Amino acid sequence: MSQGRRSVPLPKGWSRHTRPRILRRDKHACQWPVVTGGICGEPANQVDHKIPAHLGGPETDDNYWALCEWHHNQKTAREASAVAHARPPRARPAQPHPGLLP
Ligand SMILES: [Zn+2]
């Protein structure tokens, strides 16, 4: 699997150890908090830094969480625009998750 473009290399043992460990810990469910309370809960296949490494996020389990692909893309896009504006990410109104629509 490709790791895509990254300015910060992933820690050693990421794909073989860290990633599967976090997915197991989070029960392969997306941990993204939703406005109605609780978490997204969609099947997660991404492990992400809550605080990205280039913003000083630590390489610890506390800073990792499992996300579904949709939320991972949302977060990546948000971080890209935050970097473009040289500002830390901030909370914005959540967009509805396609999996949660009626
Ligand atoms: Zn999600």
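Note that the structure is a prediction, hence the values are computed from the model and not measured.

## Here's the deal with the coordination of the zinc ion
- Distances from the zinc ion to its protein donors, Cys30 (SG), Cys40 (SG), Cys68 (SG) and His71 (ND1), fall within 2.0 to 2.4 Å.
- In this structure, the zinc ion is coordinated by four donor atoms arranged in tetrahedral fashion, with angles at the metal of 99 to 124°.
- Read N to C, the donor residues that coordinate the zinc ion are spaced as C-x9-C-x27-C-x2-H. Residue Cys40 is located in the loop between α1 (14-25) and β1 (46-49), and its partner His71 is located in helix α2 (residues 69-84); the two are separated by 31 residues in the primary sequence. Grouping residues by exposure puts Cys40 and His71 together as buried.

## Re the nonpolar core
- Core analysis: the biggest nonpolar cluster contains eight residues, these being Leu10, Trp14, Ile22, Leu23, Ala44, Val47, Tyr64 and Ala66.
- Among the secondary structure elements, those contributing two or more residues to this core are α1 and β2 (64-67).
- Examining the composition of this core, we find that three residues originate from one element, α1, more than from any other.
- The residues touching Tyr64, leaving out its near neighbours within four places in the chain, are Pro11, Trp14, Thr18, Ile22, Arg25, Val47, Asp48, His49, Lys50 and Glu59.

## Considering the pattern of salt bridges
- For the structure shown, the criterion picks out four salt bridges.
- Each of the salt bridges in this network shares a partner with another, and the network as a whole consists of Asp48, Lys75 and Glu79.

Thresholds, definitions, all that
Numbers given to residues run from 1 along each chain, matching the order in which its sequence is written. Under the rules for a predicted model, residues below a pLDDT of 70 receive no local features and side-chain atom pairs below 80 are neither given nor counted, while totals for whole chains, interfaces and linings still include all residues. With hydrogens and water set aside, each side-chain value is computed from the structure's full complement of heavy atoms. Only N, O and S atoms count as donors, using a 2.8 Å limit from the metal and a wider 3.2 Å limit for Na, K and Ca, and since water is excluded some coordination spheres may look unfilled. All geometry calls rest on donor angles, where a four-donor set with angles between 85 and 135 degrees is tetrahedral, four- and six-donor sets with opposite donors more than 155 degrees apart and all others between 65 and 115 are square planar and octahedral, and all else is irregular. Only DSSP runs of H or I reaching four residues or more are called helices, and only runs of E reaching two or more are called strands; each is numbered from the N terminus. Three exposure classes are used, based on accessible area relative to the maximum for each residue type with a 1.4 Å probe and protein chains only: buried under 20%, partly exposed in between, and exposed over 50%. For the purposes of this section, nonpolar cores are sets of buried Ala, Val, Leu, Ile, Met, Phe, Trp, Tyr and Cys residues that join through side-chain atoms within 4.5 Å. Should any heavy atoms of two residues lie within 4.5 Å, those residues are counted as being in contact. We define a salt bridge as a contact between a side-chain nitrogen of Lys or Arg and a carboxyl oxygen of Asp or Glu at a distance within 4 Å.

Don't take any of this as a statement about function, it's just geometry.
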